[in-house]
Amino acid sequence: MAHPEPIGATCCAGNLSPVAIVAALAAALLYAVASVLQQWEAERQPAAQALRPSLLTRLARRPRWIAGLGIDVGGYVAQWLALARGSLVVVQPLLVVGLLFALPIKALLTPYRMHGWDWSGVVLTTAGLSVFLAVSQPTVGHPNVDAVTWALLIGSTVAVTVVLVFIGHKSSPRWKAMAFGTAGGIVYGICAALTKSCAHLLALGVTHLFESWQPYVLAWGGVSGMILAQSAFQAGPLDASLPALSASDPIISVVIGVIAFGEAVRGGLVPTLLEVVSFSAIVVGIFMLAHTEAVNAVQVDHQKGLARPQEAV
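Residues numbered from 1 in each chain as written. Predicted model: local features only at pLDDT ≥ 70, side-chain atom pairs only at ≥ 80, totals over all residues. Heavy atoms only, no water.

Quick look at the overall build of the protein
Thinking step 1. Secondary structure summary: the protein contains 13 helices and zero strands in total.
Thinking step 2. Scanning the protein from its N terminus toward the C terminus, one meets helices and strands in the order α-α-α-α-α-α-α-α-α-α-α-α-α.
Thinking step 3. Sorting the 313 residues of the protein into buried and exposed places 51% on the buried side.
Thinking step 4. Expressed as a percentage of contacts within the protein between residues at least 6 apart in sequence, the contacts between residues at least 24 apart total 85%. (Helix = DSSP H or I, 4+ residues; strand = E, 2+ residues; numbered from the N terminus. Buried < 20%, exposed > 50% of the residue type's maximum accessible area, 1.4 Å probe, protein only. Contact = heavy atoms within 4.5 Å.)

Structure below.
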């Protein structure tokens, strides 16, 4: 069912809302700090806990993970504001900047430092993101998505996630981490779309929001995405899980933004070519950043931790 536009809604084409950009960057920073804290604990959990709700209950007993969860909430509030004012095509790729924050933060907490390869990944990711946003000139689109489109989006998300989880269960730790990370990123992508829809419904009134189905599916998706993400961190090396999670979310979000919300990007042979190349540069930069010394240090620490008896919980 179509919903009326709230007074003051911004759905005009071609505008990059400064509020949306600042809020997205704030969300990226908060998510970065949260990921550093949460990965530290998730990587130290037994392999048998993968994909189980009990993984979250175990992690909930860890003060560092709880602190990360609280910061995550702050990041989600900032992301909500960004999606309420801007488009999925802009906001979700900007969240990739969180990786640029996370790795230097991790480096500060270890005896390792970022070097040439690390900074090359930073430059490539930043340049790709800048070119993509400058060339694509994405529009805000519309807030209304019909029921059939939602059913197709959610149904395909569930189907792909189930396939990836099945593949992960049958695979080595590295491939398991990649499969679970990709599944988590896909779920987070659909959650971003649901967040944008919920922000529009809230603008129409609190009652309107809670009488709709979107917030309840969003809550289910958020928990599912968290279990998948933490299972990816726990299943294998961080340089397998982190890029899969970080890259799949913006890719799915951009596709959903264009198809479901009508967030058009600039067309034409040259602009389209530049958009594809720049977005590919973002993905390559993410994979480079996932092989930094800071990440390798985490993996060495993790391997040492597995050699010790598990902590009592």
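That covers the picture; the talk isn't over yet.
Some thoughts on the nonpolar core
Thinking step 1. In this structure, L88, W150, I256 and F261 are the most contacted members of the largest nonpolar core, which totals 63 residues.
Thinking step 2. With eleven residues, the top contributor of residues to this core is helix α8 (residues 173-203).
Thinking step 3. Each residue touching I256, except ones within four places of it in the same chain, is listed here: L88, L153, G189, I190, A193 and F261. (Core = buried A, V, L, I, M, F, W, Y, C linked by side-chain atoms within 4.5 Å.)

Some remarks on the environment of T139
Thinking step 1. In this fold, T139 is placed in the loop between α6 (116-136) and α7 (147-169).
Thinking step 2. The class of T139 is buried, set by a relative accessible area of 14%.
Thinking step 3. Taking the C-alpha atoms as reference, T139 lies 9.7 Å from G257; in sequence the two are 118 residues apart.
Thinking step 4. Among the polar contacts listed, one links the side chain of T139 to the backbone nitrogen of A264, at a separation of 3.0 Å. (Polar contact = N/O pair within 3.5 Å; in protein donor to acceptor, adjacent residues only side chain to side chain.)

Focus: the packing of aromatic side chains
Thinking step 1. Overall, the coordinates contain four aromatic pairs when judged by the stated rule.
Thinking step 2. Seen from their ring centres, F132 and F279 are 5.2 Å apart, and the 70° between their planes marks the pair as edge-to-face. One end of the pair, F132, is in helix α6; the other, F279, is in helix α12 (residues 269-289), and 147 residues separate them in sequence. Taken as a pair, F132 and F279 share a single burial class, namely buried. (Phe/Tyr/Trp six-rings, centres within 6.5 Å; stacked < 30°, edge-to-face > 60°.)

Examining the environment of V123
Thinking step 1. For V123, the position within the fold is in helix α6.
Thinking step 2. Remark: the alpha-carbon pair of V123 and I282, spanning 159 residues in sequence, is separated by 9.6 Å.

Here we look at the packing of α8 against helix α10 (residues 214-235)
Thinking step 1. With their axes 8 Å apart at the nearest point, α8 and α10 run at an angle of 155° to one another. Judged by the inter-axis angle, α8 sits roughly antiparallel to α10. α10 is crossed by α8, and the crossing has left-handed handedness. (Axes fitted to C-alpha atoms, helices over the stretch in contact; angles between N-to-C directions. Parallel < 35°, antiparallel > 145°, perpendicular 65-115°, else oblique. Left-handed = near helix turned anticlockwise from the far one by under 90°.)

Topic: the confidence of the model for the protein
Thinking step 1. Looking at the protein, the pLDDT average stands at 81 and 82% of residues meet or exceed 70.
Thinking step 2. At the level of individual helices and strands, the protein shows its lowest average pLDDT in helix α13 (residues 293-307), which scores 49, and its highest in α7, which scores 95.
Thinking step 3. A low-confidence stretch, residues 300-313 (pLDDT under 50), is modelled with ten contacts involving residues beyond four sequence positions or located in other chains. (pLDDT = per-residue confidence, 0-100.)

Things to note about helix α3 (residues 63-85)
Thinking step 1. For α3, built from 23 residues, the straight-helix expectation of 33 Å at 1.5 Å per residue is met to within 8% by its first-to-last C-alpha distance of 34 Å.
Thinking step 2. Residues of α3 that are buried: W65, G68, D72, G75, A78, Q79, A82 and L83. (Expected span 1.5 Å × (residues − 1).)

With respect to the environment of T126
Thinking step 1. With respect to the helices and strands, the residue T126 is situated in helix α6.
Thinking step 2. Residues T126 and L100, 26 residues apart in the sequence, show an inter-C-alpha distance of 8.6 Å.

Quick look at the state of the cysteines
Thinking step 1. Scanning all chains against the criterion turns up zero disulfides.
Thinking step 2. In this structure C191 is not part of a disulfide, and its nearest cysteine sulfur, from C198, lies 9.8 Å away.
Thinking step 3. A relative accessible area of 7% means that C191 is categorised as buried.
Thinking step 4. Since its relative accessible area comes to 1%, C198 is described here as buried. (Disulfide = S-S within 2.5 Å.)

Things to note about the side chain of Q38
Thinking step 1. Inspection of the secondary structure puts Q38 in helix α1 (residues 18-42).
Thinking step 2. Overall, Q38 belongs to the buried group, its relative accessible area being 5%.
Thinking step 3. Side-chain polar atoms of Q38 contact the side chain of D72, separated by 3.2 Å.
Thinking step 4. When residues no more than four places from it in sequence are discounted, the contact partners of Q38 are W65, G68, L69, D72 and Q230.

Brief notes about unusual backbone geometry
Thinking step 1. The phi torsion at Q137 lies on the positive side, around 45°, for a residue other than glycine.
Thinking step 2. As for its placement among the helices and strands, Q137 is situated in the loop between α6 and α7.
Thinking step 3. Residue classification places Q137 among the partly exposed positions, given a relative accessible area of 45%.

Considerations on α7
Since the α-helix turns once every 3.6 residues, residues separated by three or four places project in the same direction.
Thinking step 1. The terminal C-alpha atoms of α7, which comprises 23 residues, lie 33 Å apart, in line with the 33 Å expected from a rise of 1.5 Å per residue.
Thinking step 2. Buried within α7 we find T149, W150, L153, T157, T161, L164, V165 and G168.

Thoughts on the packing of α1 against α3
Thinking step 1. Running from N to C, α1 and α3 cross one another at 160°; their axes reach a closest spacing of 7 Å. In terms of axis orientation, α1 runs roughly antiparallel to α3. Crossing hand, α1 versus α3: left-handed.
Thinking step 2. Of the residues assigned to the contact of α1 with α3, the class counts are 20 nonpolar, five polar and four charged. (Nonpolar A, V, L, I, M, F, W, Y, C, P; charged D, E, K, R; others polar.)

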